[in-house]
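Overview (structure and organization)
Here is what each chain is made of, one letter per residue.
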Amino acid sequence: MKILGIETSCDETAAAVVENATVVRSSVVASQIADHHPYGGVVPELASRKHLEAITPVVAAALQQAGIAATGLDAIAVTRGPGLVGALLVGFSFAKAMAVSLNLPWIGINHLEGHIQALFLSETAPSFPFIVLLASGGHTSIYKACSPIEMIPMGRTLDDAAGEAFDKVAKLLGLGYPGGAVIEKTARNGNPKSIPFPRTYLDKTRFDFSFSGLKTAVRRYVQTHGTSSVEDIVASFQEAACEVMVQKLVQAAVSEKASRIAIVGGVAANSRLRQMAKSEAEKHGLDLFIPEIAYCGDNAAMIASAGFHRLMNGERSSVEDDVFSR
Ligand code: KG4
Ligand code: ZN
């Protein structure tokens, strides 16, 4: 079954052709980072306009790279939410119109389910059930994944998302946007043990997160000491953020007597997080799964893959369906 995936929830216009949930025929991602960079963050109206410009060429490129005509598709899967409404509308309306005009089945997909499905685009994918940490720019949550369409929420952030904390700390240090990758790069030259930033564990028996205290601690440190040791500041911040995420994930697995853990979402690209998770997983006898870097951040292959399972479950979207922001 050849599925066209479309993703426009934030600042990436993406399209992909995936066969049967796991075989990526093409995956095209047009990033708007350069457009939003001067503003220090994503400007929603600008994002919608850029999606509108990019959607037709990006879908055409995905079909061309897969060597398939639109009439050769079996279905279309598109991100329905959560995300920026104007941005979502561009991809969702495009997919809806394309499906109706080609008389194809189509399905709206939850972006977060797509991130989890990214695990199955790699050669080694987990079997169910497993405990998964989703760490992105808008979400930091832990789920028990019981099947491709059944995720039980175990915890979530009560304030900032992990990626949002990386972005805000980068902004206050004048490192630019988006913050995750630049913090990771800057942190390589810093000492992660130099500043004892707080680790907020909240209730140890639950799996919720809070990153606003850590962000505030970094701001206070900068107000008092300045930014001359920026490498040490970001290395220490990254260490604290990663430690909390990995510890919570491992605790969740232990509480569920699970033997497999996974990390997905844009923040899963972080090499310190990957390394720390690997050593903690070994310590606790857990198998760890993380998507390839290309499928950690927003992409449409993960949406097509999630679409396969929803379509197999008999689900279909209808022309009355609309996007949702939260
Ligand atoms: O999943 P994603 O691409 O989009 C959302 O669904 O939000 O995640 C984007 C987030 C941004 O906050 C970005 O700073 C963060 O992922 N990120 C990283 C890294 N690369 C991207 N955070 C830490 N380390 C990275 N290497
Ligand atoms: Zn995302």
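A few points on the structure. (Residues numbered from 1 in each chain as written. Chains lettered and ligands numbered in written order. Predicted model: local features only at pLDDT ≥ 70, side-chain atom pairs only at ≥ 80, totals over all residues. Heavy atoms only, no water.)

1. Some remarks on the overall build of the protein
In terms of helices and strands, the protein carries 10 helices and 10 strands. Taken against the 2.2 N^0.38 rule, which gives 20 Å for 326 residues, the C-alpha radius of gyration of the protein at 20 Å falls within 12% of a compact globule. Considered along the principal axes of its C-alpha atoms, the protein spans approximately 60 × 45 × 30 Å. Looking at the protein as a whole, 53% of its 326 residues are labelled buried. Across the protein, the fraction of contacts at a sequence separation of at least 24, relative to all contacts at a separation of at least 6, is 72%. For the protein, the computed accessible surface area is about 13,700 Å², with 52% contributed by carbon and sulfur atoms. One finds the centroid of the 29 positive side-chain charges in the protein at a distance of 4 Å from the centroid of its 32 negative side-chain charges. (Helix = DSSP H or I, 4+ residues; strand = E, 2+ residues; numbered from the N terminus. Rg over C-alpha atoms; globule rule 2.2 N^0.38 Å. Buried < 20%, exposed > 50% of the residue type's maximum accessible area, 1.4 Å probe, protein only. Contact = heavy atoms within 4.5 Å. Areas by Shrake-Rupley, 256 points an atom, 1.4 Å probe, with all protein chains shown as cover. Lys, Arg positive; Asp, Glu negative; His and termini not counted. Charge placed at Lys NZ, Arg CZ, Asp CG, Glu CD.)

2. Looking at the sheet that holds strand S10 (residues 287-289)
Spatially, S8-S7-S6-S9-S10 is the arrangement adopted by the five strands of the open sheet, whose pairing is mixed. Only two strands of the sheet have a single neighbouring strand rather than two, namely strand S8 (150-156) and S10. Within this sheet the neighbouring strands show an average axis-to-axis angle of 25 degrees, counted without direction. Docked against the sheet, helix H9 (residues 271-283) engages strand S9 (260-264) and S10, running at close to 160 degrees with respect to S10. (Pairing = 2+ DSSP bridges. Axes fitted to C-alpha atoms, helices over the stretch in contact; angles between N-to-C directions.)

3. Concerning the side chain of Asn299
Counting through the fold element by element, Asn299 comes out in the loop between S10 and helix H10 (301-312). Among the polar contacts listed, one links the side chain of Asn299 to the backbone nitrogen of Ala301, at a separation of 3.1 Å. Within the structure, Asn299 has its side chain in polar contact with the backbone nitrogen of Met302 (distance 2.9 Å). (Polar contact = N/O pair within 3.5 Å; in protein donor to acceptor, adjacent residues only side chain to side chain.)

4. Details of the packing of helix H6 (residues 179-187) against helix H8 (residues 230-255)
Contact pair H6 / H8: the axes reach a minimum separation of 8 Å and the direction vectors enclose 115 degrees. Considering the angle they form, H6 stands roughly perpendicular to H8. Between H6 and H8 lies a crossing whose hand is left-handed. Here H6 contributes Ile183, Glu184, Thr186 and Ala187 to the contact with H8, which in turn contributes Glu231, Val234, Ala235, Phe237 and Gln238. (Parallel < 35°, antiparallel > 145°, perpendicular 65-115°, else oblique. Left-handed = near helix turned anticlockwise from the far one by under 90°.)

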